[in-house]
Amino acid sequence: MDTESSAKVFAALSSPVRLQIMLWILDPRSHFPPQIDGDLVRDGVCVGAITEKTGLSQPTISSHMKKLAAAGLVRGQKFGNWMFYKPDRAMLGRYGGVFSELAAYQPE
């Protein structure tokens, strides 16, 4: 991973709200009710459900989700008028590897 991409990821996760949303959408069935449109895991969580759970406004949640998407941590898709987001598990796995490499680094 390059430092610029890594900085985007770390900046996206530096917000307690965005970090909490990431934790929720990693296990959406435990944190959100079933949706009428789309499956929580396969299609992602509707912004409306995230808005309701956080108590924040829809524009605020949309802004948070755009930052997570720009960092590559989530992928969004539109169903009708609503955006649904799910984690990009491959990207998260790559960053897990970065932390392992950092932890194992031994300067000479």
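Analysis parameters
- Residues numbered from 1 in each chain as written.
- Predicted model: local features only at pLDDT ≥ 70, side-chain atom pairs only at ≥ 80, totals over all residues.
- Heavy atoms only, no water.
- Buried < 20%, exposed > 50% of the residue type's maximum accessible area, 1.4 Å probe, protein only.
- Helix = DSSP H or I, 4+ residues; strand = E, 2+ residues; numbered from the N terminus.
- Arc of directions from axis to C-beta.
- Contact = heavy atoms within 4.5 Å.
- Axes fitted to C-alpha atoms, helices over the stretch in contact; angles between N-to-C directions.
- Parallel < 35°, antiparallel > 145°, perpendicular 65-115°, else oblique.
- Left-handed = near helix turned anticlockwise from the far one by under 90°.
- Nonpolar A, V, L, I, M, F, W, Y, C, P; charged D, E, K, R; others polar.
- Core = buried A, V, L, I, M, F, W, Y, C linked by side-chain atoms within 4.5 Å.
- Pairing = 2+ DSSP bridges.
- Salt bridge = Lys/Arg side-chain N within 4 Å of Asp/Glu carboxyl O.

1. Regarding helix 1 (residues 3-13)
Reasoning step 1: Every buried residue of helix 1 is accounted for by Ser6, Val9 and Ala12. Looking straight down helix 1, one finds its buried side chains confined to an arc of 130 degrees; they lie on one side. Among the exposed residues of helix 1, those pointing more than 90 degrees away from its buried face are Thr3 and Glu4.
Reasoning step 2: Here the buried face of helix 1 lies against helix 2 (16-26), helix 5 (58-70) and helix 6 (89-104).

2. Thoughts on the packing of helix 4 (residues 47-54) against helix 5
The relative placement of two packed helices is expressed as an angle between their axes plus a distance between the axes.
Reasoning step 1: Running from amino to carboxyl end, helix 4 crosses helix 5 at an angle of 115 degrees, the nearest separation of the two axes being 9 Å. Classed by the angle they form, the pair helix 4 and helix 5 counts as roughly perpendicular. In the crossing of helix 4 with helix 5, the sense of the turn from one axis to the other is right-handed. Residue-level inspection shows Val47, Ile50, Thr51 and Thr54 of helix 4 in contact with helix 5, the latter providing Gln58, Ile61, Ser62 and Met65.
Reasoning step 2: Among the residues making up the contact of helix 4 with helix 5, the classes are represented as four nonpolar, four polar and no charged.

3. Regarding the nonpolar core
Reasoning step 1: Counting 21 residues, the largest nonpolar core has Ile21, Ile25, Ile50, Met65, Leu68 and Leu73 as its most contacted members.
Reasoning step 2: Those elements giving two or more residues to this core turn out to be helix 1, helix 2, helix 4, helix 5 and helix 6.
Reasoning step 3: The dominant element in this core, judged by the number of residues it contributes, is helix 2, at four residues.

4. Let's talk about the sheet that holds strand 3 (residues 82-87)
The strands making up a sheet are joined through hydrogen bonds of the backbone, oriented either antiparallel or parallel.
Reasoning step 1: Spatially, 1-3-2 is the arrangement adopted by the three strands of the open sheet, whose pairing is antiparallel. Single-partner strands in this sheet number two, and they are strand 1 (45-46) and strand 2 (74-79).
Reasoning step 2: Sheet topology places strand 2 next to strand 3; six bridges connect them, and they run antiparallel. The residue bridging Gln77 from the neighbouring strand is Phe84, located in strand 3.
Reasoning step 3: This element, helix 2, spans strand 1, strand 2 and strand 3 of the sheet and lies at about 80 degrees to strand 3.

5. Observations regarding the pattern of salt bridges
Reasoning step 1: Counted according to the given criterion, the structure contains three salt bridges.
Reasoning step 2: A salt bridge links Arg42 to Asp43, with the nearest nitrogen and oxygen atoms 3.1 Å apart.
Reasoning step 3: The partner of Arg75 in a salt bridge is Asp88, and the shortest N-O contact between them spans 3.9 Å. Here Arg75, found in strand 2, pairs with Asp88, found in the loop between strand 3 and helix 6; they are 13 residues apart in sequence, far enough to count as distant.
Reasoning step 4: You can call Arg75 partly exposed: its relative accessible area is 44%.
Reasoning step 5: Take Asp88: its relative accessible area is 16%, and that puts it in the buried class.

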